Amino acid sequence: MQYLGVGPGAHGRFVPWGEGKTQREARIQTLEPDNWLREVRQFGHGTRKRVQQSELDILEEMLVLGLRMNEGLAHQRWRQYSPLLGLEDALEDSPEVQRYLQEELLILDDRGLRCSWKGLAFLDSLLPTLLHQLQHSYRNSASHCF
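This section reports on the structure supplied with the text. (Residues numbered from 1 in each chain as written. Predicted model: local features only at pLDDT ≥ 70, side-chain atom pairs only at ≥ 80, totals over all residues. Heavy atoms only, no water.)

### Considerations on the sheet that holds strand 6 (residues 112-115)
In space, the three strands of this open sheet follow the order 4-6-5, with antiparallel pairing throughout. Strand pairing shows two members of the sheet lacking a second neighbour, strand 4 (73-74) and strand 5 (106-108), which therefore form its edges. Of the strand pairs in this sheet, strand 4 and strand 6 are connected by two bridges, and their pairing is antiparallel. Bridge pairing links L73 to L113 in strand 6. (Pairing = 2+ DSSP bridges. Helix = DSSP H or I, 4+ residues; strand = E, 2+ residues; numbered from the N terminus.)

### Topic: the sheet that holds strand 1 (residues 11-14)
Spatially, the three strands line up as an open sheet ordered 1-2-3, and their pairing is antiparallel. Looking along the sheet, the strands with just one partner apiece sit at the ends: strand 1 and strand 3 (47-52). Ignoring strand direction, the axes of neighbouring strands in this sheet form an average angle of 15°. Relative to strand 2 (residues 25-29), strand 1 is paired through four bridges, and the arrangement is antiparallel. Residue pairing for strand 2: H11 is matched across the bridge by I28. (Axes fitted to C-alpha atoms, helices over the stretch in contact; angles between N-to-C directions.)

### Comments concerning the pairing of strand 6
The pairing of strand 5 with strand 6 spans three bridges and is antiparallel. Across the sheet, residue I107 finds its bridge partner in strand 6, namely R114. Between strand 5 and the antiparallel strand that follows it, strand 6, lie three residues.

### Brief notes about the layout of surface pockets
In this structure, the largest pocket encloses a volume near 240 Å³. Among the elements of the structure, helix 2 (55-66), strand 4 and helix 3 (75-81) are those that each provide at least two residues to the lining of the largest pocket. No other element matches helix 2, which puts five residues into the lining of the largest pocket. Class assignment of the residues belonging to the lining of the largest pocket gives a composition of nine nonpolar, two polar and three charged. Taken as a whole, the second largest pocket spans an internal volume of roughly 180 Å³. (1 Å grid on protein atoms, 1.4 Å probe; cavity = no way out; pocket = protein on both sides within 12 Å on 5 of 7 lines; lining within 4 Å. Points joined across faces, edges and corners; volume = space filled by probe spheres on them. Nonpolar A, V, L, I, M, F, W, Y, C, P; charged D, E, K, R; others polar.)

### Notes on the pattern of salt bridges
In total, this model carries 11 salt bridges according to the counting rule given. For R50, the salt bridge identified is with E25, shortest N-O distance 3.2 Å. Separated by 25 residues along the polypeptide, R50 in strand 3 and E25 in strand 2 bring together distant segments of the chain. The class of R50 is partly exposed, set by a relative accessible area of 39%. Taking the relative accessible area as the measure of exposure, E25 reaches 2% and is therefore buried. Between D109 and R114 there is a salt bridge, with the nearest N and O atoms lying 2.8 Å from each other. Each member of the salt-bridge network shares a partner with another, and the members are E19, K21, E25, R27 and R50. (Salt bridge = Lys/Arg side-chain N within 4 Å of Asp/Glu carboxyl O. Buried < 20%, exposed > 50% of the residue type's maximum accessible area, 1.4 Å probe, protein only.)

In short, the description is geometric, and any link to function would need to be established separately.
Here is the structure:
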């Protein structure tokens with residue numbers, strides 16, 4: 001998903017095709033309105049920070065944001081960004097994640113991965129484990145590709 005962040009403190013995620021780039025960037029605008037406006041007048045933009053995002057960065061963001069939505073994260077959407085490492089593959093090796101599934105904090109089914117209502121209340125405490133497992137699985141899958 002690509003989106004532009006416009007105005008003081010805004011965040012955006014997009015591929016800057018117009019600059020000839022092909023990798024997605026995370027951009028953050030200057031926070032303070034007066035400073036942002038001064039930078040726009042002086043430089044033509046108020047972008048304070050630009051960071052190229054790796055495939056893992058994008059997957060981590062998808063996981064965190066997807067679990068905050070009622071519909072969760074669909075397998076099809078995940079596969080658009082990670083064709084070689086499915087959601088099940090990314091999470092199956094973790095006893096902690098399996099416990100979250102057994103306790104019905106998370107639901108992983110044919111639709112994808114999502115929080116239960118009970119799990120949503122604990123999501124912030126579940127995310128470090130989920131992100132750690134994703135990083136571990138991603139690095140292992142990447143090492144097998146070469």
